[in-house]
Amino acid sequence: MWYISTRGMAPRVNFEEALFSGYAPDGGLFMPEELPHLNRETLRQWSALSYPGLVKELCTLFIGTELIPRDVLNGLIDQAFSRFRHREVVHLSRMRNGLNVLELWHGVTYAFKDLSLSCTAQFLQYFLEKKKQHVTVVVGTSGDTGSAAIESVQGAKNMDIIVLLPKGHCTKIQELQMTTVLRENVHVFGVEGNSDELDEPIKAVFADVAFVKKHNLMSLNSINWSRVLVQMAHHFFAYFQCAPSLDPEPLPPVEVVVPTGAAGNLAAGCIAQKMGLPIRLVVAVNRNDIIHRTVQQGDFSLSEAVEQTLASAMDIQVPYNMERIFWLLSGSDSQVTRALMEQFERTHRVSLPKELHSKLSETVTSESVSDESITRTMARCWEENRYLLCPHSAVAVSYHYQQTERQQPSLPRCCLAPASAAKFPEAVLAAGLMPETPAEILALESKGTRCTPMRKGDDWTLMLRNTIEDLSSKQRGHFLNAPE
């Protein structure tokens, strides 16, 4: 399996190279050169698999046994999911009025990112141990990525991780999940800015190709192909759990509602659909509605500013993974994709070509949800089911309630739930409900913390570069002092 850049100007690479690169050298994102098509028989066989079983099948297709032998791959995936609290890893809750909620949050940090990042970290460690190499991972987070990335690599001998978090823009719990991990290989910075602003120094560092190479840098943000690959399993599992039967010809469709910020889960759904999974995709966003405007009007342009909402992990202006979707829906046309993305990078404003826009609106339905709708949905779900939704999950469920109120016959529907309500007590209180906080989360309050401030007026890029250089020289020292 080979990977090529969405912008068509970089050499093709294998899975290992795509994993370590993040962005392609031409600024594009890696996508499989060819997508396997799954026939009805394969889908019927897969329908009996557990969630980890589906991840194993998908990873086998996209990684290749010459890179990671099948038995080793299975062991890495089992190891990745060994710390999950639910025996199924991912669990479907069925509730009143046809509401199906797929809980993707049973990992250590109570968010869906634990699923893909725990696997990604296992793949990285496998290749690093084989090559006897060290990497420094740099992550910008709007809330959940940072803690999931830290948990997946903390204590690893061959990796250091630097996380930039937006001070005051994530919840107290999200922040504590990052700042209370006092392992030697974990380095957290609290940035006086939002998640788009903290991406700037990271982009500046990664734009210096020689520096990246010299210090063996990589990113684990949602643009990493490995994360999108694992997230495809959400859609297969949702489909098999919610399809009424796999006997009819053609197979019956299921609607999957995807709440998103950076569009990683949405890109994963579009790829699964292209491989033959009969899902209809609905993308649900908060008031930061660039994806909604793109689907509805072909208007892929930045707003004046990021709006702070109750669904804070989705307070994102630039949904990086839309580039993958544009490439996929334009028939893998890297010329069209490159022209679009370069214009967007220059002007922050693009109107999609007519053909691409109509393809997108055929593939995806969209909805933008206000804070008022989020709290109303959380309150209704509690009243009807005694079930607490996190504000991001409520963005998806809000769409379900809208549809049921129209009382028209509809497809079976599955709402993806990216995080546990336990992480967002402020939003639970805003909905007039009582938070339920697990003991592990309460314990964070009494732990020691470590976080280096990046203040307004500081040179954030320079601070980041200096930290990376210090880690490299420490690493060289370890290497020189290592026993023969």
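All values reported here derive from a predicted model rather than from experimental measurement.

Let's shift gears to the overall build of the chain. Counting its regular elements, the chain contains 20 helices and 15 strands. Against the 2.2 N^0.38 benchmark of 23 Å for 484 residues, the chain shows a C-alpha radius of gyration of 21 Å, consistent with a compact globule. Over its C-alpha atoms, taken along the principal directions, the chain stretches across nearly 70 × 50 × 45 Å. Long-range pairs, those at least 24 residues apart, make up 75% of the contacts in the chain with a sequence separation of at least 6. Summing over all exposed atoms, the chain offers an accessible surface of approximately 19700 Å²; the carbon and sulfur share of this is 49%. On the chain, the mean spot of the 46 positive side-chain charges and the mean spot of the 54 negative ones are 2 Å from each other.

Bringing the packing of aromatic side chains into the picture now. Applying the stated criterion across every chain yields a total of 14 aromatic pairs. Here tyrosine 3 and tryptophan 225 contribute two aromatic rings whose centre-to-centre distance is 5.6 Å and whose plane-to-plane angle is 50°, an arrangement assigned as tilted. You can see tyrosine 3 sitting in strand 1 (residues 3-5) and its partner tryptophan 225 sitting in helix 10 (residues 225-242), a full 222 residues away along the chain. For the pair shown, tyrosine 3 and tryptophan 225 are each scored as buried. Among the aromatic residues, those joined into a ring-pair cluster are Tyr3, Phe15, Phe62, Phe123 and Trp225. The ring of tyrosine 110 has arginine 85 lying over it, and the distance from NZ or CZ to the ring centre is 3.6 Å. The ring of tyrosine 401 is capped by arginine 380, whose NZ or CZ atom sits 3.8 Å from the centre of that ring.

Per the UniProt entry, the sites bearing "modified residue: N6-(pyridoxal phosphate)lysine" (unreviewed entry) are Lys113 in this numbering. Relative to the elements of secondary structure, lysine 113 occurs in helix 5 (residues 113-131). Given a relative accessible area of 11%, lysine 113 falls into the buried group. Beyond its immediate sequence surroundings of up to four residues, lysine 113 is in contact with Asp144, Thr145, Ala148 and Arg227.

This part covers the pattern of salt bridges. For the structure on display, the rule yields 19 salt bridges. A salt bridge links arginine 40 to glutamate 249; its shortest N-O distance comes to 2.9 Å. Of this pair, arginine 40 sits in helix 2 (residues 40-46) while glutamate 249 is found in the loop between helix 10 and strand 9 (254-259), placing the two residues 209 residues apart along the sequence. Of the residues examined, arginine 40 reaches a relative accessible area of 26% and is grouped as partly exposed. The partner of arginine 376 in a salt bridge is glutamate 372, with the nearest N and O atoms 3.4 Å apart.

Moving on, we get to the packing of helix 10 against helix 11 (residues 264-274). One way to put it is that helix 10 packs onto helix 11 with a least axis distance of 8 Å and a crossing angle of 65°. Comparing their axes, helix 11 and helix 10 come out roughly perpendicular. Along this stretch, helix 10 crosses helix 11, giving a crossing that reads as right-handed. When helix 10 is examined against helix 11, the residues Trp225, Val228, Gln231, Met232, His234, His235 and Phe236 are found in contact with a partner set consisting of Gly264, Asn265, Ala267, Ala268, Gly269, Ile271 and Ala272. In terms of residue class, the contact of helix 10 with helix 11 is made up of eight nonpolar, six polar and no charged.

Rules of the game
Residues numbered from 1 in each chain as written. Predicted model: local features only at pLDDT ≥ 70, side-chain atom pairs only at ≥ 80, totals over all residues. Heavy atoms only, no water. Helix = DSSP H or I, 4+ residues; strand = E, 2+ residues; numbered from the N terminus. Rg over C-alpha atoms; globule rule 2.2 N^0.38 Å. Contact = heavy atoms within 4.5 Å. Areas by Shrake-Rupley, 256 points an atom, 1.4 Å probe, with all protein chains shown as cover. Lys, Arg positive; Asp, Glu negative; His and termini not counted. Charge placed at Lys NZ, Arg CZ, Asp CG, Glu CD. Phe/Tyr/Trp six-rings, centres within 6.5 Å; stacked < 30°, edge-to-face > 60°. Buried < 20%, exposed > 50% of the residue type's maximum accessible area, 1.4 Å probe, protein only. Lys NZ or Arg CZ within 6 Å of the ring centre and 35° of its normal. UniProt positions renumbered as here; feature names shortened; annotations may be inferred. Salt bridge = Lys/Arg side-chain N within 4 Å of Asp/Glu carboxyl O. Axes fitted to C-alpha atoms, helices over the stretch in contact; angles between N-to-C directions. Parallel < 35°, antiparallel > 145°, perpendicular 65-115°, else oblique. Left-handed = near helix turned anticlockwise from the far one by under 90°. Nonpolar A, V, L, I, M, F, W, Y, C, P; charged D, E, K, R; others polar.

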